[in-house]
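# Structural characterization, general
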Amino acid sequence: MKKKFLNITMTIFFTVLLVACSKDDSNDSSNNSSDQIAQANQVAQNGTWRISYFWDTDKDETSNFTGFEFSFNSDGSLVAVRNTTTVNGTWSVTNSSSSSSSSSNDVDFNIFFSVPQDSDFDDLIDDWDIISITDNTIELTDVSGGNGGTDFLTFTKI
């Protein structure tokens, strides 16, 4: 009798445990990604930005962008202006969870400029991972596929 009671008790316990541990919070990461995408879009479009830090694999290349002011426009266009020089591009913030990336961050801050490969702006073309976003700072990172180096890019509101 004790054995039967113990078996029934254990069966009930494991059933409750199994139900309690089911993964029903799968939408949480989707909601977090949606929130982060909305925040990144809102912050980027609100103001003019400068590159305050750019580390390209093994060296600081921030000075390549001194004097450029960046505008992330609501239509997806990206404009960098310094004096009489204007560089046009595009930008977006997307959910990359469908990719095979092993990154824990599923949100990409995408930057594209149609420039020659020897242009400094070619180094900015990437699907950057967001480190952090505040009203005044956008911090991004990317691990390069070719050489495995890590790049860092920080925009600061002017």
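Before reading further, recall that the structure is shown in the block above.
Bear in mind that the values here come from a model prediction, so they are computed numbers and not experimental data.

The subject of this paragraph is the overall build of the protein chain. Regarding its fold elements, the protein chain presents 2 helices and 9 strands. Each helix (α) and strand (β) of the protein chain, taken in turn from the N terminus, gives the series α-α-β-β-β-β-β-β-β-β-β. Here the protein chain, with 158 residues, has 30% of them falling under the buried criterion. Of all intrachain contacts in the protein chain linking residues separated by at least 6 positions in sequence, the fraction that spans at least 24 positions is 41%. Of the roughly 9,800 Å² that the protein chain leaves accessible, carbon and sulfur atoms contribute 50%.

Before going further, it helps to examine the pairing of strand 7 (residues 126-133). A regular strand places its side chains on the two faces of the sheet in alternate fashion. With 4 bridges connecting them, strand 6 (residues 107-113) and strand 7 associate as antiparallel partners. Counterpart to Phe109 in the pairing with strand 7 is Trp128. Across 4 bridges, strand 7 lies against strand 8 (residues 137-143) in antiparallel orientation. Among the inter-strand pairings, Asp129 is bridged to a residue of strand 8, identified as Thr141. Here strand 7 folds back onto strand 8 in antiparallel fashion, the turn holding 3 residues.

Bringing the nonpolar core into the picture now. Counting residues in hydrophobic clusters, the biggest one holds 29 residues, and the most contacted among them are Phe70, Phe109, Leu124 and Phe155. Not counting residues within four places of it along the chain, the set of residues in contact with Phe109 comprises Ala44, Phe72, Trp91, Ser92, Val93, Asp126, Asp127, Trp128, Ile130, Ile138 and Leu140.

If you walk through the whole model with that rule in mind, you get 1 salt bridge. Close ionic contact of Lys59 with Glu61 constitutes a salt bridge, the shortest N to O distance being 3.7 Å.

Turning next to a nonpolar patch on the surface. On the surface, a nonpolar cluster with roughly 250 Å² of combined accessible area is contributed by Tyr53, Ile131 and Phe152. Mapped onto the elements of the fold, Tyr53 is located in strand 1 (residues 49-56). Judged by relative accessible area, Tyr53 falls into the partly exposed class, the value being 31%.

As a further point, take unusual backbone geometry. The residue Thr57 is not glycine, and still its phi comes out positive at about 60°. Along the chain, the position of Thr57 falls in the loop between strand 1 and strand 2 (59-60). Despite not being glycine, Asn83 has its phi angle at roughly 55°, a positive value. The residue Asn83 is located in the loop between strand 4 (77-82) and strand 5 (85-95) in this model. Taking the relative accessible area as the measure of exposure, Asn83 reaches 75% and is therefore exposed.

Quick notes on the rules
- The written sequence of each chain sets the order in which its residues are numbered from 1.
- A pLDDT threshold of at least 70 governs which residues receive local features in this predicted model, and a stricter bar of 80 or more applies before side-chain atom pairs are shown or counted, although totals over entire chains, interfaces and linings include all residues.
- Note that the side-chain values use all heavy atoms of the structure and ignore hydrogens as well as water.
- In this text, helices come from DSSP runs of H or I with a minimum length of four residues, and strands from runs of E with a minimum of two, each type numbered from the N-terminal end.
- The buried label goes to any residue with under 20% of its type's maximum accessible area, the exposed label to any with over 50%, and the partly exposed label to all in between, with areas taken from a 1.4 Å probe on protein chains only.
- Any two residues having at least one pair of non-hydrogen atoms within 4.5 Å are treated as being in contact.
- The Shrake-Rupley method, run with a 1.4 Å probe sphere, supplies the accessible areas, and residue values consider only the shown protein chains as cover.
- One requirement defines pairing of two strands: DSSP has to find at least two bridges between them.
- We define a nonpolar core as any set of buried Ala, Val, Leu, Ile, Met, Phe, Trp, Tyr and Cys residues linked to one another through side-chain atoms lying within 4.5 Å.
- What counts as a salt bridge is simple: a side-chain nitrogen of Lys or Arg found within 4 Å of a carboxyl oxygen of Asp or Glu.
- Without a salt bridge and with relative accessible area above 30%, a residue can belong to a patch; like charges are then joined within 9 Å and nonpolar side chains (Val, Leu, Ile, Met, Phe, Trp, Tyr) within 5 Å.

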